[in-house]
Amino acid sequence: MKYLNLLANYEETAKRGETKMNINLGDYYAYTGRFQDAARNYQHGGAPERAMTMFSDLRMFDQAKV
């Protein structure tokens, strides 16, 4: 069920023309629990703040590096 939300978010951003493969892949990795891979893809996609927010929300402050 949670993957339906991920697909809905992907379709919504695609309609707005804001698709970046690395960010979408980062969202997928975050959903599957691969947080380091998610952070790496957020960085490559130009959205390091998403990695910081993810780690902060997960209370993994030591992983949230600039």
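Structure's up top.
Right, let's walk through the structure included here. (Residues numbered from 1 in each chain as written. Predicted model: local features only at pLDDT ≥ 70, side-chain atom pairs only at ≥ 80, totals over all residues. Heavy atoms only, no water.)

This brings us to the packing of helix α3 (residues 35-44) against helix α4 (residues 48-57). The relative placement of two packed helices is expressed as an angle between their axes plus a distance between the axes. Two elements in contact, α3 and α4, have axes whose closest approach is 7 Å; the angle formed by their N-to-C orientations is 155°. In terms of their interaxial angle, α3 and α4 are classed as roughly antiparallel. Once α3 is placed against α4, the crossing between them reads as left-handed. Counted together, F35, Q36, A38, A39, Y42 and Q43 of α3 and P48, R50, A51, M54 and F55 of α4 form the full contact between these two elements. The residue makeup of the contact of α3 with α4, split by class, is eight nonpolar, two polar and one charged. (Axes fitted to C-alpha atoms, helices over the stretch in contact; angles between N-to-C directions. Helix = DSSP H or I, 4+ residues; strand = E, 2+ residues; numbered from the N terminus. Parallel < 35°, antiparallel > 145°, perpendicular 65-115°, else oblique. Left-handed = near helix turned anticlockwise from the far one by under 90°. Contact = heavy atoms within 4.5 Å. Nonpolar A, V, L, I, M, F, W, Y, C, P; charged D, E, K, R; others polar.)

As a further point, take the side chain of T13. The residue T13 is located in helix α1 (residues 2-16) in this model. Of the residues examined, T13 reaches a relative accessible area of 17% and is grouped as buried. The residues touching T13, leaving out its near neighbours within four places in the chain, are E18, T19 and N24. (Buried < 20%, exposed > 50% of the residue type's maximum accessible area, 1.4 Å probe, protein only.)

For the rest of this paragraph, the subject is the environment of L58. The residue L58 is located in the segment after α4 in this model. Each C-alpha atom of the pair L58 and F35 lies 9.7 Å from the other, and the pair is 23 residues apart in sequence.

On inspection of all chains with the given rule, the structure shows four salt bridges. In this structure, the salt-bridge partner of R16 is E12, at a minimum N-O distance of 3.1 Å. Of this pair, R16 and E12 both sit in helix α1, four residues apart, roughly one helical turn. According to the relative accessible area criterion, E12 is partly exposed, its value standing at 43%. (Salt bridge = Lys/Arg side-chain N within 4 Å of Asp/Glu carboxyl O.)

Helix length check: helix α2 (residues 21-32), at twelve residues, gives a terminal C-alpha distance of 17 Å against a target of 16 Å (1.5 Å per residue), a fit within 8%. Those residues of α2 not exposed but buried are I23, N24, G26, D27 and Y29. Elements that come into contact with the buried residues of α2 comprise α1, α3 and α4. Backbone geometry just downstream of α2 places G33 in the positive-phi region, at approximately 90°. (Expected span 1.5 Å × (residues − 1).)

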